[in-house]
Amino acid sequence: MTEVAFHLNVGDKRVYACRLLRKAYLKGSRLLVLGDEPSLDALDLALWLMGPGEFVPHARGSDPVHVLRHSPILLSARETDGFAADVLVNMGGAMPAELGRFEKVIELVGGGPEDRQGARARWRQYKAAGIEPLSHDLAASRDT
């Protein structure tokens, strides 16, 4: 069964996603990152501009097939059947449609009311699908 984890109160999703993707990449994971095009454009640029020795290889859905085949990370506005990933990072507002193809789904949730409201709806959808999501409150870890 797919594990779902909500990372709550993420201050800057782009910065957090960069660190998360780098860590997962170094562990050998293949990741699909879902989000809207402006968010993915900003993340794409941020991944290219990471510090020396911290580059995280990634691709966009419009890249050539041979690039997609060799990339450990795909940034996409939609779930892409041709990309085999074990982890999905959701920066978007909708619950992924094909949960069963991922070992883990990580939901990035900011502190704003719209983001929280969408996360609550997705939480209920996961529970209705028989999945008990986990939560990691980043605000609590900053307070300690």
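Residues numbered from 1 in each chain as written. Predicted model: local features only at pLDDT ≥ 70, side-chain atom pairs only at ≥ 80, totals over all residues. Heavy atoms only, no water.

### Considerations on a nonpolar patch on the surface
Part 1 of the reasoning: Judged by side-chain polarity, Leu45, Trp48, Leu49 and Phe55 come together as a nonpolar surface patch covering roughly 470 Å² of accessible area.
Part 2 of the reasoning: Looking at the element boundaries, Leu45 is found in helix α2 (residues 37–48). (Patch = residues over 30% accessible without salt bridge, like charges linked within 9 Å, V, L, I, M, F, W, Y side chains within 5 Å. Areas by Shrake-Rupley, 256 points an atom, 1.4 Å probe, with all protein chains shown as cover. Salt bridge = Lys/Arg side-chain N within 4 Å of Asp/Glu carboxyl O. Helix = DSSP H or I, 4+ residues; strand = E, 2+ residues; numbered from the N terminus.)

### Side note on the nonpolar core
Part 1 of the reasoning: Counting residues in each nonpolar core, the largest one holds 23 residues, and the members touching the most others are Leu21, Val33, Leu43, Leu47, Val89 and Leu108.
Part 2 of the reasoning: Secondary-structure elements contributing two or more residues to this core are α1 (13–26), β2 (31–34), α2, β4 (73–76), β5 (87–90) and β6 (104–108).
Part 3 of the reasoning: Of the residues forming this core, the biggest block, six residues, is contributed by α1.
Part 4 of the reasoning: Once residues lying within four places of it in the same chain are set aside, the contact partners of Leu47 are Cys18, Leu21, Phe55, Val56, His58 and Leu75.
Part 5 of the reasoning: Of all hydrophobic cores here, the second largest spans 17 residues; its members include Leu32, Ala119, Tyr126 and Ile131. (Core = buried A, V, L, I, M, F, W, Y, C linked by side-chain atoms within 4.5 Å. Buried < 20%, exposed > 50% of the residue type's maximum accessible area, 1.4 Å probe, protein only. Contact = heavy atoms within 4.5 Å.)

### Comments concerning the pairing of strand β1 (residues 3–8)
Part 1 of the reasoning: For β1 and β6, the ladder comprises five bridges, and the chain directions are parallel. In the strand pairing of β6, Val4 is matched with Val105. (Pairing = 2+ DSSP bridges.)

### Describing the pattern of salt bridges
Part 1 of the reasoning: Scanning all chains against the criterion turns up nine salt bridges.
Part 2 of the reasoning: Notably, a salt bridge pairs Arg14 with Asp12, separated by 3.4 Å at the nearest N-O pair.
Part 3 of the reasoning: Judged by relative accessible area, which is 35%, Arg14 ranks as partly exposed.
Part 4 of the reasoning: On the basis of relative accessibility, which here comes to 34%, the residue Asp12 falls in the partly exposed class.
Part 5 of the reasoning: Residue Asp115 pairs with Lys13 through a salt bridge whose shortest N-O separation is 2.9 Å. Within this pair, whereas Asp115 is found in helix α4 (residues 113–128), its partner Lys13 is found in helix α1, the two being separated by 102 residues in sequence.
Part 6 of the reasoning: Residues joined by salt bridges that share partners form a network here, namely Glu37, Asp41, Asp44 and Arg60.

### Notes on the side chain of Glu107
Part 1 of the reasoning: Along the polypeptide, Glu107 turns up in strand β6.
Part 2 of the reasoning: Using a relative accessible area of 0% as the deciding quantity, one classes Glu107 as buried.
Part 3 of the reasoning: With residues near it in sequence (within four places) discarded, Glu107 still touches Ala5, Phe6, His7, Asn90, Pro96, Arg122 and Tyr126.

### Remarks on the sheet that holds β2
Part 1 of the reasoning: In spatial order, the strands read β3-β4-β2-β5-β6-β1-β7; together these seven strands make up an open sheet with parallel pairing. Edge positions in the open sheet fall to β3 (59–60) and β7 (134–137), since each of these has one partner strand only.
Part 2 of the reasoning: Across four bridges, the pairing between β5 and β6 is parallel. Residue pairing for β6: Leu88 is matched across the bridge by Val105.
Part 3 of the reasoning: Here α4 sits on the sheet in contact with β1, β5, β6 and β7, set at roughly 165 degrees to β1. (Axes fitted to C-alpha atoms, helices over the stretch in contact; angles between N-to-C directions.)

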